[in-house]
Structures are given as C-alpha cells and as structure tokens.
Amino acid sequence: MINKWSKLLPILLAVTLVLAGCGSKGKQETANGTSSDAKPGKEVTITFWHHYSTASPEEKTLKEVLIPKFEEENPGIKVNPVAFTWEDLHKKLQISGSAGDLPDVARLDIIWVPEFQKSGLLQQLDAFEDFDEVAGSLLEGPLSTAKVGDHYYGLPLNTNTKVLFWNKEMLSQSGVEQAPETTEQFFEALGKIKSKYEKSWGFGEPALQGWNVLPWIWSNGGDVLSPDFTTADGYLNSPASVEILTKLKNAYNAGQISGFKPGDVAVTEGHASGSYAMMAEGPWAVAQFQSQFPDFDVEMASFPAGSAGSIQVLGGEDIGIFSKDKQEESWKFVKFMVSEEAQIEMGKIGQIPVNLASMENADVKAIDYYPPFLEQLKTAKARPPVSAWPQIDGVINDAMSKIFMTDADVKTELDAAVRAIDALLKE
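Residues numbered from 1 in each chain as written. Predicted model: local features only at pLDDT ≥ 70, side-chain atom pairs only at ≥ 80, totals over all residues. Heavy atoms only, no water.

**Observations regarding the pattern of salt bridges**
As a working rule, side chains carrying opposite charge can pair if their charged atoms are close by. Applying the stated criterion across every chain yields a total of 13 salt bridges. With a shortest N-O distance of 3.6 Å, K69 and E73 are connected by a salt bridge. One end of the pair is K69 and the other is E73, both in helix 2 (residues 58–73) and four residues apart, which spans about a single turn. Here E71 and K78 are joined by a salt bridge, their closest N and O atoms 4.0 Å apart. (Salt bridge = Lys/Arg side-chain N within 4 Å of Asp/Glu carboxyl O. Helix = DSSP H or I, 4+ residues; strand = E, 2+ residues; numbered from the N terminus.)

**Looking at the packing of helix 2 against helix 13 (residues 327–337)**
At a closest axis distance of 11 Å, the pairing of helix 2 and helix 13 adopts a crossing angle of 125°. The angle between helix 2 and helix 13 falls in the class oblique. The two elements helix 2 and helix 13 meet at a crossing, and its hand is right-handed. Note on element contacts: helix 13 touches helix 2 through E329, K332, F333, F336 and M337, opposite L62, L66, K69, F70 and E73. Its residues assigned to classes, the contact of helix 2 with helix 13 shows six nonpolar, no polar and four charged. (Axes fitted to C-alpha atoms, helices over the stretch in contact; angles between N-to-C directions. Parallel < 35°, antiparallel > 145°, perpendicular 65-115°, else oblique. Left-handed = near helix turned anticlockwise from the far one by under 90°. Contact = heavy atoms within 4.5 Å. Nonpolar A, V, L, I, M, F, W, Y, C, P; charged D, E, K, R; others polar.)

**Thoughts on unusual backbone geometry**
The phi dihedral of F229 is positive, around 60°, even though this residue is not glycine. For F229, the position within the fold is in the loop between helix 9 (210–219) and helix 10 (239–253).

**Remarks on helix 16 (residues 370–377)**
Every buried residue of helix 16 is accounted for by Y370, F373 and Q376. Buried residues of helix 16, viewed axially, fall in a sector of 130°; they line one side. Here the buried face of helix 16 lies against strand 9 (163–166), strand 12 (276–281), helix 12 (283–292), strand 13 (300–301), helix 14 (340–347) and helix 15 (362–365). (Buried < 20%, exposed > 50% of the residue type's maximum accessible area, 1.4 Å probe, protein only. Arc of directions from axis to C-beta.)

**Remarks on the layout of surface pockets**
The volume enclosed by the largest pocket comes to roughly 1300 Å³. As for the largest pocket, its lining consists of 45 residues, and the residues nearest its centre are W86, P206, W211, E281 and W284. At four residues, helix 17 (residues 389–405) tops the list of elements feeding residues into the lining of the largest pocket. Among the residues forming the lining of the largest pocket, the class breakdown is 16 nonpolar, 17 polar and twelve charged. (1 Å grid on protein atoms, 1.4 Å probe; cavity = no way out; pocket = protein on both sides within 12 Å on 5 of 7 lines; lining within 4 Å. Points joined across faces, edges and corners; volume = space filled by probe spheres on them.)

**Concerning the sheet that holds strand 4 (residues 77–83)**
Spatially, 4-3-5-14-8 is the arrangement adopted by the five strands of the open sheet, whose pairing is mixed. If you trace the sheet from one side to the other, it starts and ends with strand 4 and strand 8 (155–160), each paired once. Strand after strand, the sheet turns through a mean of 20° between neighbouring axes, direction not considered. Sheet topology places strand 3 (residues 44–50) next to strand 4; seven bridges connect them, and they run parallel. Bridge pairing in strand 4 places T47 opposite N80. (Pairing = 2+ DSSP bridges.)

**Describing the packing of aromatic side chains**
Aromatic ring pairs: the centre-centre distance and the angle between the two ring planes describe each pair. Counting across every chain of the model gives 25 aromatic pairs. A centroid spacing of 4.6 Å and a plane angle of 5° characterise the contact between F128 and W331, whose relative ring orientation is stacked. Of the two residues, F128 is situated in the loop between helix 4 (113–118) and helix 5 (131–135) and W331 in helix 13; the sequence distance between them amounts to 203 residues. Residue F128 shares its accessibility class with W331, and that shared class is buried. On the numbers, 4.9 Å between centres and 45° between planes, the contact of F186 with W216 is tilted. Residue F186 is found in helix 8 (residues 183–196), and its partner W216 is found in helix 9; the two are separated by 30 residues along the sequence. The burial state of F186 is the same as that of W216; both residues are buried. Clustering of aromatic rings is evident, with ring pairs tying together F165, F289, F293, F296 and F373. We note R107 situated over the ring of Y52; from NZ or CZ to the ring centre the distance is 3.9 Å. (Phe/Tyr/Trp six-rings, centres within 6.5 Å; stacked < 30°, edge-to-face > 60°. Lys NZ or Arg CZ within 6 Å of the ring centre and 35° of its normal.)

**A closer look at the confidence of the model for the protein chain**
Parts of the model with low pLDDT should not have their predicted coordinates read in detail. Averaged over every residue, the pLDDT of the protein chain is 90; residues scoring 70 or more account for 90%. This stretch, residues 1–39, has a pLDDT under 50; its non-local contacts, to residues over four places away or in other chains, come to 30 contacts. (pLDDT = per-residue confidence, 0-100.)

**A closer look at the nonpolar core**
Burial of nonpolar side chains together is a common tendency in soluble globular proteins. Within the largest apolar cluster, 69 residues are counted, with the highest numbers of intra-cluster contacts made by L93, L108, F203, L236, M278 and M400. Here the element with the most residues in this core is helix 17; it accounts for eight residues. When sequence neighbours within four positions are dropped, the list of residues in contact with L236 reads I217, D223, V224, S241, L414, A417, V418 and I421. (Core = buried A, V, L, I, M, F, W, Y, C linked by side-chain atoms within 4.5 Å.)

**Remarks on empty space enclosed by the protein**
This structure, assessed with the given rule, holds three cavities of 30 Å³ or more. Space inside the largest cavity adds up to approximately 80 Å³. In terms of lining, the largest cavity is formed by F203, E205, L208, N212, V213, W216, L248, I257, F260 and F404. It is helix 9 that provides the largest number of residues to the lining of the largest cavity, a total of three residues.

Have a look at this one:
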C-alpha cells in the first residue's frame, strides 16, 4: 500500500517553490546593496523637486516633453515634478532633511552638493554598476562639481556662467559705442548713462550674494577664501576686495546701480524695457527675452576685465538622489535627464548641455547666443566647494547689504564678515 503522503509530497514541493519564487521577485537589490519592495507591474511614482524657470520655456519643456518621454520609455514609473524658486528649494530641502520628508530626486545648485552630502542626505551614485559609463558621456569639469571626497553624489545637468548684456541703443545715446571691456570703462559708462537717462540705471544687479559680487572681486584680484579654503582673512577683506566694492558702492550711491532692493524693477525685464542699460546674466535670460520680449535686440559681451582679467562665476546644476527605497527608479530618471536626447531638448531652450554627444547636435550648435558663454566659461571660477558655503553666502549677503544700503565702512564690514566666515569654517 502506498502511503498517501508520498503522493502529496511532489505537489507540496512544487507549491513551495512557486511561493519562494514569488517572494524573491518581490524584492530588488539596489546598487547600494539595499533591497526594494517594488513589485513588477506595480506603478511607482518618484518625486522630482526642481527650480527650472517658469518665466522661460524650461519648466514647460520638463513637463510637456521630457517627463512624458521618460514615462513612455519606462512603463510603470511616473514622475511628479514640483517647482520651487532657487532660494525656496534650498530652504525646503534643508527643512525636509530634518523632517525626513525628502523628494526622491532633486535638481541642485552645484554649491549645495557638499552641504547635503555632509548631512548624509544624498545617495552615492558611483555605487551603481553603470555609473562610469554614464559619467564618461559627460563634460569632465561640470562632473567634478558633484564629487565630494572620493565619491560622486550627483551628476551634472547643465553648466553656465554669466556675460555682460548691454543695451546698444542706450549706450550709444550716452556716447558709449561699445560694451565696456574693462572695469574702468564700465564705471565711466555708468556716469555717462546716468547723465543721459536720469530715471534709468547703468547696471542692474538682482542680488548681493556670492554669485553676484564674487566676479567683481575675482576680476579685481581679490578672493573670498584662501586657496586651501581654511580662512577668509586676508582675502575677502583684502585691499583688492575693498577697492572694487568701494567703487560699486559709490556707483550705487550715485544712482547708477540698482535692482537688489525689494520693490526694484526686476532686472531681466528691466533690461528689455530700458530701466537698466547693462546687466550680468546667464543663457536663461536670452530664452526669457525670446519668450517674453521677442522684439528686443539682445547684445552680449565678456564681463568687464579687472587687473586679474575677466573672471565670472561658474554656475550650473547637478541632479542627485535622496531616496533610499526607490533608488533604481530614481537612477533611471537621473540617467535619462543627462542623456543625449534630454540634454538636446534643454539645450535648445538655453540650458548649456553637459552631455558630450548633445553638444554636437545640429539644433544645439545652431543656437547663435551660446558662443559668448562658452568663451566666458574658459575663465569662469567655481565658488569654494565647502559644506558651509550656503552659510558663508548668507554672511556675504548680509555684509553686502550693510555696505550698499547703509553708511557702513566697507573694510569694517568685510572684517566682521571674515570673523563670521572663519567661525563657520571651524565648525
């Protein structure tokens, strides 16, 4: 007689194997060795926080072109884009980092990467198996902005710098036939413009942070920190820094510079409407002019050179992953955003690409306003890659606000800023 259990044993073994197989498919290994509970066929939504401009075609391209293309190529993954201003995004990430309510992916100013890496919020991207392949397709300089120590915590999305925009008609009517090539010519032009246009300003500056004032300091031979990034003493408060900031303050007091006070005319719009004869801005300004002021003739030139040359600030954004449980999906989106096709789309609307192949695309190469920025990038300088930079930037902004909008002595305020910065560097 055959035992009834001997007949049931093969069936039980088969059921056990099926259940075990289902269970193994329920978890996926990520590049960092952690497991995800994502199940095949289950729709996953990743949240993407960004600060693409709503005044230019950037956000529209993201929402109407790039995200639909990504979702089409990656069925089962949805992207929820959330827009912020630059300043609000930084604050939101800081607050959410403390509260544990972060996005899966975010677009980051290059100066934020060390800060959020130090806070333990950014995921290490070079742990993904195909990182080297992806990184190899990108410009080396912008890629370096996402590296902290020996590892990468982001990938570059775009690179940029600023050039001098000048209103040819306003300068010509003021007796200035070409864009000022030196800071000496710049200050001379400010006086002539004010004499001709009493109710306008020669130069519009939207803010007083490092992004805005460092190009003047660098071009005049000054700096903000020592080469080893250990002190600001002797650099931010150097004679070269004091000299150029004093000249800018005098120009402000003479009514030749404006734009950074609450209630001032917005600089880019003001440049197109004749409120500001000159401004220093990036390629996004051209896209905004084309979108909002199509009849305005845009003129660009290199930033006025000081004793150290024409040194503008290196800008750009990186993209990083904050998510711990949707890493594979987030990594797919990051790779897509730095891919040739995505970079071409953003390149066509003013975002200078970092993908090597996209830079050879005919549509991108046909953009006639890129050359001035590419030329300026040759001498552009990055802000110090220190985790305390956002706080240092706040100190600079406070010092500049006192310098320009009160009777405070320039050297005294810079000395006070140096003490505050050196304290931050020691934390």
